[in-house]
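Inside the fold
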Protein chains: 2
Amino acid sequence: MDLEAYCLQTATAARRASSALATLPTEVKDRWLAASADALLENVDRIIQANSLDLAAAAGYGLTDAAIDRLVLNQSGIEAIAQSLREIAALRDPVGQSIEGWVRPNGLEIRKVRVPLGVVFFIYESRPNVTVDAAAICVKSGNAVILRGGKEAMHSSKVLVDIITEVGSQSGIPAGAVQLVSTTDRSAVGQFLKMNELIDVAIPRGGKGLIERVMQEARMPVIKHYDGNCHVYVDASADLEMAVKIVVNSKCQRLGVCNTCESLLVHRSVATTILPAIATALTKAGIELRGDRATCSLIPNAVLGTEQDWSTEYLGPIISICVVESLDAAIEHINRYGSHHTDAIVTENLQAARQFQLAVDSSAVMVNASTRFNDGGQFGLGAEIGISTDKFHARGPCGLSELTTYKYLVTGSGQVRQ
Amino acid sequence: MDLEAYCLQTATAARRASSALATLPTEVKDRWLAASADALLENVDRIIQANSLDLAAAAGYGLTDAAIDRLVLNQSGIEAIAQSLREIAALRDPVGQSIEGWVRPNGLEIRKVRVPLGVVFFIYESRPNVTVDAAAICVKSGNAVILRGGKEAMHSSKVLVDIITEVGSQSGIPAGAVQLVSTTDRSAVGQFLKMNELIDVAIPRGGKGLIERVMQEARMPVIKHYDGNCHVYVDASADLEMAVKIVVNSKCQRLGVCNTCESLLVHRSVATTILPAIATALTKAGIELRGDRATCSLIPNAVLGTEQDWSTEYLGPIISICVVESLDAAIEHINRYGSHHTDAIVTENLQAARQFQLAVDSSAVMVNASTRFNDGGQFGLGAEIGISTDKFHARGPCGLSELTTYKYLVTGSGQVRQ
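Bear in mind the structure is a predicted one, so any value in this text is a computation, not a measurement.

Thresholds, definitions, all that
Residues numbered from 1 in each chain as written. Chains lettered and ligands numbered in written order. Predicted model: local features only at pLDDT ≥ 70, side-chain atom pairs only at ≥ 80, totals over all residues. Helix = DSSP H or I, 4+ residues; strand = E, 2+ residues; numbered from the N terminus. Rg over C-alpha atoms; globule rule 2.2 N^0.38 Å. Buried ≥ 20, exposed ≤ 12 C-beta atoms within 10 Å, placed from the backbone. Contact = placed C-beta atoms within 7 Å. Pairing = 2+ DSSP bridges. Axes fitted to C-alpha atoms, helices over the stretch in contact; angles between N-to-C directions. Least-squares fit on C-alpha atoms with pLDDT ≥ 70 in both. Right-handed = clockwise from strand over helix to strand, strands pointing away. Domains from an automatic or database assignment. Parallel < 35°, antiparallel > 145°, perpendicular 65-115°, else oblique. Left-handed = near helix turned anticlockwise from the far one by under 90°. Nonpolar A, V, L, I, M, F, W, Y, C, P; charged D, E, K, R; others polar. Core = buried A, V, L, I, M, F, W, Y, C linked by C-beta atoms within 7 Å. Arc of directions from axis to C-beta.

**Side note on the overall build of chain A**
A tally of helices and strands in chain A yields 16 helices and 16 strands. Over its C-alpha trace chain A gives a radius of gyration of 24 Å, about what one expects of a compact globule, namely 22 Å for 418 residues. Oriented by its inertia axes, the alpha-carbon framework of chain A measures out at about 70 × 65 × 35 Å. Out of the 418 residues in chain A, the part that is buried amounts to 54%. Taking contacts inside chain A between residues at least 6 apart in sequence as the whole, the part at least 24 apart equals 72%.

Following this line, the structure appears as structure tokens:
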């Protein structure tokens, strides 16, 4: 079968499965999730064996040690995947959830209820645990999913999908609900992205190059997971100790992720009191400081940054620092240079907190909390398939609800329009 | 100024206005809406004069009598526009509305609140009242809007926008909040559709050709208002009188709109009892019947339809009719040939009603009610900017809420991630 025919067959099977999934009872889906968890644990050897093929090929793909580390599946890793399936089973099913409901003067009852989006095309990096998580999140929310994982994890992903789909066929999950793209041919992605009649949403996760390609080629809506140039703004009334704690946590708790702080703004009135304490703590944590002139005049080890630095997502041990004249200047800086992802203010002033949350145009706006909390798990949303940097449809953490749309159920007793 | 520079300037002004609009108090917006209503009534002569220029040119544009009729602005038409502004002023402001809120175990307070989308690019047909309605809906929901109306209504739209923006500058509405594209050059649309950095959503309303063009060229999300091939399914247990009433209303109450019934399905067990009564009523109303073989064998004046008929949105005095073997067959037919817009069942059977609402994949699924109720006004949503046939972001009537997204406001007392 040629590539185009293969992709069409895959997407058609997913579309067909999605119709059945849309009305599948929650208990069937949850039973499958639990049985899949059991099956993964029963097949540890089979999984580790497949994983060893990926690990053997990893060096040939030029993977870094960190990337190889994320690729490894061992007993505890498989247990974590199984645990994640059980947690998704325990989440409330969004399908059928009543969002709003009311009765019209003519007696018509109107209910707005959640329904699945349909078919999800998920393109992601080489982490085998993501394969199972994404399959579980999509099916739990009533969607069929076409999984296109990195080639470096192909053997691992294949055995995982084989196991959960074997369980699925015994549990009443429709065939085609979860499909792993079996070819590593990159043009398969382009084929799927054309099929807007069969696929309802594309979700790319990975490097900017991939996301830009998907945005350009996709004929269906895309939920993007783009960059995070997150700010912490230390306000005039900030508590020193809290400011240090929040900046250090936002920057250093984990370096390479999207909700990490990349830019620090400090109100001029506390630049001489609070900024040195923060700079010392960051320096101690191994962070390079790139400041504006005001910062550099106060902090000896800060190097002079450029305009470019204010918009950069370093994903590493560097932070940019600017001294700002006012709360408004901080807000303006964030809305101009930021990426509308996650931004925080440290303040004891109620008006400043309210104004910051009102005016900063980001998916999450924090008051006196680390930027690192913008995360589906930390928000208590349960599993997430990504963090959307879009405004349309879903913004911020994308959990089960964000993979649904709604329909209106209207019930009457013979009403007609006058 | 060349076209590209003009479009860029317009979109930039809209983007700038949208930042100010996002935090504009509701009372400022409502005051503007009320003052605009007053100003329209004070400027009736000026509006009618501008409108007469459009009417004089209408024949030259080849407008039909019906289209010219929709173009006319007289005293009562202007009063209706003013009244619509007052109704939009009375609607609840969606901006800042708390969708959900909860407290995490670590004490973090999380609130999901509605915020405007930003800048709306609205492309619409030649109806001057739509110009004012769209401006009001967008600004009330905190968005800036770029209005691209049909050239046939250009003089009327221009004077209307002039009046409401004059009032706007006195009422504290930021400049650029409402802009009418002043050129009739068709390539201006293409220019705007490229500006995904400045425009957040494109909303085309009009013919299929326009919508397809927008879908192809837009680099930003599009809310489409596509076709409506709506069905009424008369179930085995339907009440005869109610079935006749609902089918006739769904088909005949207004012919040329998207929520009009285009296809009738009748369960075989009532084909001999109910179908003839419906056919007689439809024929009396001047509707042509195109049936499958079973229908034609029962209804002498039905002509034999083709596969093509089952998927056609006639927008005129024709209906297609099929006899189906079962509820499931009806659902399958609707999901296959329908356009996922509005579909209704007439039934006295609770299980049939529930199954139909569960399985039919349409923006509104009606039980014992006319398809004509799928409408923002009829749903009680207030003014609408269109009816989305998309699943993503907004489905069905698009009122104020559908022009918003959300952000998470997270408030803590120094929490950091472990």
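There's plenty left to go through after this.
**Some points on the interface of chain B and chain A**
Listed as interface residues are 52 residues of chain B and, on the opposing side, 52 residues of chain A. For the side of chain B that touches chain A, the secondary structure elements donating two or more residues are helix 1 (3-22), helix 10 (240-252), helix 15 (350-359), strand 13 (364-369) and strand 16 (404-415) of chain B. Residue contributions to the side of chain B that touches chain A peak at 11 residues, all from strand 16 of chain B. Bridge count for strand 13 (residues 364-369) of chain A against strand 16 of chain B is five bridges, and the pairing is parallel. When the bridges of strand 16 of chain B are listed, Val365(A) appears paired with Leu409(B).

**A short note on unusual backbone geometry**
Residues and elements named next belong to chain A. A positive phi angle is found at Leu315, which is not glycine, with a value near 55°. Structurally, the position occupied by Leu315 is in the loop between helix 13 (307-310) and strand 11 (318-324). One non-glycine residue, Asn368, lies in positive phi territory at about 50°. The class for Asn368 is buried, based on 24 C-beta atoms found within 10 Å.

**Considering the sheet that holds strand 2 (residues 109-116) of chain B**
The 10 strands are arranged 10(A)-9(A)-11(A)-8(A)-7(A)-12(A)-13(A)-16(B)-2(B)-1(B) in an open sheet whose pairing can be described as mixed. Looking along the sheet, the strands with just one partner apiece sit at the ends: strand 10 (303-304) of chain A together with strand 1 (98-103) of chain B. Of the strand pairs in this sheet, strand 9 (residues 288-291) of chain A and strand 11 of chain A are connected by four bridges, and their pairing is parallel. The partner of Arg290(A) across the bridge, within strand 11 of chain A, is Ser320(A). Most of the contacts of helix 10 (residues 240-252) of chain A go to strand 12 (residues 342-346) of chain A, to which it runs at about 165°, and overall it touches strand 7 (230-234), strand 8 (261-267), strand 11, strand 12 and strand 13 of chain A together with strand 16 of chain B. Helix-sheet contacts for helix 14 (residues 327-337) of chain A involve strand 7, strand 8, strand 11 and strand 12 of chain A, and the interaxial angle to strand 11 of chain A is about 140°.

**Description of the relation of the copies chain B and chain A**
Least-squares fitting of chain B to chain A yields an RMSD of 0.0 Å, with the transformation described by 0.0 Å of translation along the axis and a rotation of 180°. Taken together, the rotation and translation describe the operation of a two-fold axis. When C-alpha positions in chain B are compared against the rotation axis, the closest is assigned to His393(B), at 1.9 Å. The share of interface residues of chain B whose copies in chain A are also at the interface is 98%, consistent with both copies meeting through the same surface.

**Digging into the pairing of strand 9 (residues 288-291) of chain B**
All names here are of chain B. As defined by bridge partners, strand 9 adjoins strand 10 (residues 303-304) across two bridges and the pair is classed as parallel. Its bridge partner lying in strand 10, Gly291 is registered against Leu304. Crossover connection from strand 9 via helix 12 (residues 293-298) to parallel strand 10: handedness right-handed.

**Topic: the domain arrangement of chain A**
Interface extent is often summarised as the accessible area lost during association of the parts. Domain parsing of chain A yields domain 1 (3-226 + 397-410) and domain 2 (230-377). One C-alpha centre belongs to domain 1 of chain A, the other to domain 2 of chain A; they are set 35 Å apart.

**Considering the sheet that holds strand 16 (residues 404-415) of chain A**
Here 10 strands make up an open sheet; going across it, the order is 1(A)-2(A)-16(A)-13(B)-12(B)-7(B)-8(B)-11(B)-9(B)-10(B) and the pairing mixed. Where the open sheet ends on each side, the last strands, each with one partner, are strand 1 (98-103) of chain A together with strand 10 of chain B.

**Some details on the packing of helix 6 (residues 128-140) of chain A against helix 7 (residues 154-171) of chain A**
Residues and elements named next belong to chain A. Contact geometry of helix 6 with helix 7 gives a least axis separation of 8 Å together with a crossing angle of 30°. Taken as axis vectors, helix 6 and helix 7 run roughly parallel relative to one another. Every pair of crossing elements has a handedness; the one defined by helix 6 and helix 7 is right-handed. From helix 6, Pro128, Thr131, Val132 and Ala135 reach across to helix 7, where they touch Ser156, Ser157, Leu160, Val161 and Ile164. The residue makeup of the contact of helix 6 with helix 7, split by class, is six nonpolar, three polar and no charged.

**Description of the nonpolar core**
Residues Ala243(A), Val120(B), Phe122(B), Ala134(B), Ala135(B), Val145(B) and Ala202(B) are the most contacted members of the largest nonpolar core, which totals 131 residues. The residues touching Ala202(B), leaving out its near neighbours within four places in the chain, are Phe121(B), Leu193(B), Val214(B), Ala218(B), Met220(B) and Val222(B). Ala37(A), Leu198(A), Cys261(B) and Val270(B) belong to the second largest nonpolar core, which has 130 residues in total.

**Side note on the packing of helix 2 (residues 26-42) of chain A against helix 5 (residues 75-90) of chain A**
The relative placement of two packed helices is expressed as an angle between their axes plus a distance between the axes. Residue and element names in this part refer to chain A. At a minimum axis separation of 8 Å, helix 2 and helix 5 run at an interaxial angle of 170°. On the basis of the axis angle, helix 2 is roughly antiparallel to helix 5. Across the interface between the two elements, Asp30, Leu33, Ala34, Ser36, Ala37, Leu40 and Leu41 from helix 2 touch Ile78, Glu79, Ile81, Ala82, Leu85, Arg86, Ile88 and Ala89 from helix 5. The class makeup of the residues in the contact of helix 2 with helix 5 is 11 nonpolar, one polar and three charged.

**Quick look at helix 11 (residues 275-284) of chain B**
All names here are of chain B. Among all positions of helix 11, only Leu275, Ile278, Ala279 and Leu282 are buried. Taken down its axis, helix 11 places every buried residue within 100° of arc, on the same side. Summarising the contacts, the buried residues of helix 11 are in contact with helix 10, strand 8 (261-267), strand 9, helix 12 and strand 11 (318-324). Gly286 sits one or two residues past helix 11 and shows a positive phi near 85°.

**So, the pairing of strand 16 of chain A**
When strand 2 (residues 109-116) of chain A meets strand 16 of chain A, the two strands line up antiparallel, connected through eight bridges. Bridging from a neighbouring strand, Lys112(A) pairs with Tyr408(A) of strand 16 of chain A.

**A short note on the environment of Ile319(B)**
Residue and element names in this part refer to chain B. Within the element layout of this structure, Ile319 appears in strand 11. Between the C-alpha atoms of Ile319 and Thr272, which are 47 residues apart in sequence, the distance is 18 Å. Excluding residues within four positions of it along the chain, Ile319 makes contact with Lys251, Cys261, Glu262, Ser263, Leu264, Leu282, Ile287 and Leu289.

**Side note on the environment of Tyr124(B)**
Residues and elements named next belong to chain B. Relative to the assigned elements, Tyr124 resides in the loop between strand 3 (119-123) and helix 6 (128-140). What makes Tyr124 buried here is the crowd of 23 C-beta atoms within 10 Å. If we ignore the near neighbours within four places in the chain, the residues touching Tyr124 are Val130, Ala134, Gly149, Arg205 and Gly206.

**Thoughts on the environment of Ser339(A)**
Checked against the element boundaries, Ser339(A) lands in the loop between helix 14 and strand 12. Sequence separation between Ser339(A) and Cys230(A) is 109 residues; the distance between their C-alpha atoms is 7.1 Å.

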